[in-house]
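# Understanding the architecture of this molecule
Below are the chains, spelled out letter by letter.
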Amino acid sequence: MPPTKKATLTLWILAALLGGLIFGIVGHAVFPEAVNEILIKWILKPTGDVFLRAITMLVVPIVFVSLVYGAASIGDPAKLGRVGLRVMLIYLATTALAVTMALFIAEVIVRPGTGITLPTDAAFTPKDAPFIMDVFVDMVPKNPFQAMVEGNMLQVIFFALLLGIALAQLGAKAEPALRLAEISNDVLMRVVEIIIWLAVPGVFALIAKVMLEQGLGVLLPLLAYVLTLSGALLLQLALVYPLILYLFTRLSPLQFFKNHIPVMTVAFSTSSSNATLPVSIDVAERRQGVSKGIASFALPLGATINMDGTAIMQGVATAFIAQVYGIELSFTQLVTVVVTAALASVGTAGVPGVGLITLSMVLMSVKLPVEGIALIIGVDRLLDMARTVVNVTGDAATAVIVSKMENELDVEEFYAENAGTD
Ligand code: ASP
């Protein structure tokens, strides 16, 4: 691949994002609805779906192969334990911090729900919220193949990690299997390299479709909620991550974001951490300089369990709903929200819209009416795009930090402006 690939791909994807945004917003305002319908049906939906299906197709194989390889190649149980502990600690700490900050902003500073009267037509039929312990019990698959077919990521992760650990313990005897995992990993990443170019028309089509359908007008009635949530997400993205990254690694946060742009763009247009995973791993390895072992281990795990953006949404949404219903949350209730939102984000699958479903767990934990979700459902499609960007950025920052801590970060690659993507 030509040496300027890093910059070229980034620019193309960014152009597609901006182009799609402008086209969709303008189109929603000026084109007749019939034209928009035809555009969506014949061009935008098929184009977007092809891209989405192509990257989604890779998710289960990549999660499985890369975790087996990641765990096995880290090898030494002490090192695996240390890396695992660091990754999990950063994931948990950033999530808890994120939801605490979100609650502070929404409860103390802005209070977006005060003054809003409860609409009488707020229709939402709550499903039974899953019991929180089930999240943990369900991690263990009864049948790993079924878990793969159903795309149950936590179960696939559980099985893959065990296999990887066993591979490492068998040592020389299992060498061919480790090689197989490594080669399969490389092959899958090569496929990502090929289909990543579909992101250019794909991102354009996905964004343009959402904007043509929804416009930005849907955000207006709930502007206070939208702005509070966007502000909290932005704070996490532009302040918390850069700060943590710099404190732990002394690397330039600006360069981190430069390398990371394709991941953010794909996350924004797909609203899915899972679908973004192939791009996340590719960018971490080839642009951020994260070692293969750590990228393969930390990112699939993060895409599934680390969702700081979702936790922020759940914090702001809980405060908002409580305020609209005129319910004052006590300190104990706020702490309960922090804990359940962190757990709920572990249980949230990295696909569009699920954060809103697991929000019911958080609301129930503090006895708020689950029907309150109806208040925010209309704006959630657009906000999901933004929180997914935060979700995947937390994973990427953690992978860079832990790789640097383990002395496994290729700093030259990290700073290389013209490095290829292969
Ligand atoms: N769409 C989010 C993600 O995939 C999950 C959610 O909050 O709905 O990361």
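Note that the coordinates shown come from a computational prediction; the quantities given were computed from them, not determined experimentally. (Residues numbered from 1 in each chain as written. Predicted model: local features only at pLDDT ≥ 70, side-chain atom pairs only at ≥ 80, totals over all residues. Heavy atoms only, no water.)

### Focus: the overall build of the chain
Helix and strand content of the chain: 17 helices and zero strands. By the compact-globule yardstick of 22 Å for 422 residues, the chain fits well, its C-alpha radius of gyration being 21 Å. Once the C-alpha set of the chain is aligned to its principal axes, its extents read approximately 65 × 50 × 45 Å. Taken across its 422 residues, the chain has 55% of its residues classed as buried. Looking at the chain alone, contacts between residues at least 24 apart form 86% of all its contacts between residues at least 6 apart. When the accessible surface of the chain is totalled, it reaches about 17,800 Å², and 70% of it is carbon and sulfur. Computing the positive centroid from 24 side-chain charges and the negative centroid from 30, the chain places the two 4 Å apart. (Helix = DSSP H or I, 4+ residues; strand = E, 2+ residues; numbered from the N terminus. Rg over C-alpha atoms; globule rule 2.2 N^0.38 Å. Buried < 20%, exposed > 50% of the residue type's maximum accessible area, 1.4 Å probe, protein only. Contact = heavy atoms within 4.5 Å. Areas by Shrake-Rupley, 256 points an atom, 1.4 Å probe, with all protein chains shown as cover. Lys, Arg positive; Asp, Glu negative; His and termini not counted. Charge placed at Lys NZ, Arg CZ, Asp CG, Glu CD.)

### Some remarks on unusual backbone geometry
Despite not being glycine, Arg250 shows a phi value in the positive range, around 65°. Along the chain, Arg250 turns up in the loop between helix 9 (223–249) and helix 10 (253–270). Its relative accessible area of 53% is what places Arg250 among the exposed residues. Its identity as a non-glycine residue notwithstanding, Ser271 has a phi of 55°, on the positive side.

### Points about the site of the ligand
Within the structure, the ligand sits among 17 residues, and Ser273, Thr310, Gly355, Asp384 and Arg387 are positioned closest to it. Here Ser271 contributes a backbone N or O atom positioned 2.9 Å from a nitrogen atom of the ligand. Within the contact set of the ligand, an oxygen atom lies 2.7 Å away from a backbone nitrogen or oxygen of Gly355. For the ligand, the accessible surface in isolation is 270 Å², of which the surrounding protein chains cover 100%. Counting residues per element, the ones that place at least two in the shell around the ligand are helix 15 (354–365) and helix 16 (373–405). (Near = heavy atom within 4 Å. Polar contact = N/O pair within 3.5 Å; in protein donor to acceptor, adjacent residues only side chain to side chain.)

### Quick word on helix 3 (residues 77–109)
Taking 1.5 Å of rise per residue, the 33 residues of helix 3 would be expected to cover 48 Å, and the 46 Å separating its terminal C-alpha atoms lies within 8% of that figure. Note on helix 3: the residue one or two positions beyond its end, Arg111, has a positive phi of about 50°. (Expected span 1.5 Å × (residues − 1).)

### What to know about the pattern of salt bridges
Counted according to the given criterion, the structure contains 14 salt bridges. We note a salt bridge from Lys292 to Glu182, for which the minimum N-O separation is 3.9 Å. Linking Lys292 in helix 12 (residues 292–305) with Glu182 in helix 7 (residues 175–195), this pair joins segments that are 110 residues apart in sequence. (Salt bridge = Lys/Arg side-chain N within 4 Å of Asp/Glu carboxyl O.)

### Some thoughts on the packing of helix 15 against helix 16
Closest axis-to-axis distance for the helix 15/helix 16 pair is 10 Å, and the angle between their directions is 125°. Accordingly, the angle class assigned to the pair helix 15 and helix 16 is oblique. Note that helix 15 runs across helix 16; the crossing there is right-handed. When helix 15 is examined against helix 16, the residues Gly355, Leu356, Leu359, Ser360 and Leu363 are found in contact with a partner set consisting of Ile373, Ile376, Ile377, Asp380 and Arg387. Its residues assigned to classes, the contact of helix 15 with helix 16 comprises six nonpolar, two polar and two charged. (Axes fitted to C-alpha atoms, helices over the stretch in contact; angles between N-to-C directions. Parallel < 35°, antiparallel > 145°, perpendicular 65-115°, else oblique. Left-handed = near helix turned anticlockwise from the far one by under 90°. Nonpolar A, V, L, I, M, F, W, Y, C, P; charged D, E, K, R; others polar.)

### Brief notes about the packing of aromatic side chains
All told, the structure shown has six aromatic pairs when counted by the stated rule. Note on Phe256 and Phe257: the rings are 5.2 Å apart at their centroids and 80° apart in plane angle, and the pair reads as edge-to-face. The rings of Phe23, Phe31 and Phe204 are connected pair by pair, giving a single aromatic cluster. (Phe/Tyr/Trp six-rings, centres within 6.5 Å; stacked < 30°, edge-to-face > 60°.)

### Considering the environment of Leu234
Inspection of the secondary structure puts Leu234 in helix 9. Counting along the chain gives 153 residues from Leu234 to Arg387, while the straight-line C-alpha distance between them is 9.4 Å.

### Points about the nonpolar core
Membership of the largest hydrophobic core comes to 133 residues, with the highest contact counts inside it found for Tyr225, Phe297, Ile312 and Ile376. Contact partners of Tyr225, with chain neighbours within four places excluded, come to Pro112, Met313, Val316, Ala317, Phe320, Ile376, Val379 and Leu383. Judged by nonpolar contacts, the second largest core, of six residues, contains Ile40, Leu44, Ala205 and Ala208. (Core = buried A, V, L, I, M, F, W, Y, C linked by side-chain atoms within 4.5 Å.)

### Some points on the side chain of Gln155
The topology assignment puts Gln155 in helix 6 (residues 153–170). Reaching out from Gln155, the side chain makes a polar contact with the backbone oxygen of Asp138 at a distance of 2.8 Å. Aside from chain neighbours lying at most four places away, what touches Gln155 is Asp138, Met139, Val140, Pro141 and Ala147.

### Here's the deal with the environment of Gly350
In this fold, Gly350 is placed in the loop between helix 14 (331–347) and helix 15. What makes Gly350 buried here is its relative accessible area of 5%. For the pair Gly350 and Val392, spaced 42 residues apart in sequence, the C-alpha to C-alpha distance is 9.7 Å. Gly350 has contacts with Ser272, Ser273, Asn274, Ala275, Ala303 and Met307, leaving out every residue within four places of it along the chain.

### Things to note about the confidence of the model for the chain
Scored by pLDDT, the chain comes out at a mean of 89, with 94% of its residues at no less than 70. When the elements of the chain are averaged for pLDDT, helix 4 (residues 132–137) gives the smallest value, 76, and helix 9 the largest, 96. (pLDDT = per-residue confidence, 0-100.)

### Comments concerning the side chain of Asn274
Tracing the chain through its elements places Asn274 in helix 11 (residues 273–286). Excluding anything up to four places from it in sequence, Asn274 contacts Val59, Met153, Ala303, Gly350 and Val351.

### A short note on helix 10
With 18 residues, helix 10 extends 24 Å from end C-alpha to end C-alpha; this agrees with the ideal 26 Å at 1.5 Å per step. Burial analysis of helix 10 places 14 of its 18 residues in the buried class, the great majority of the element.

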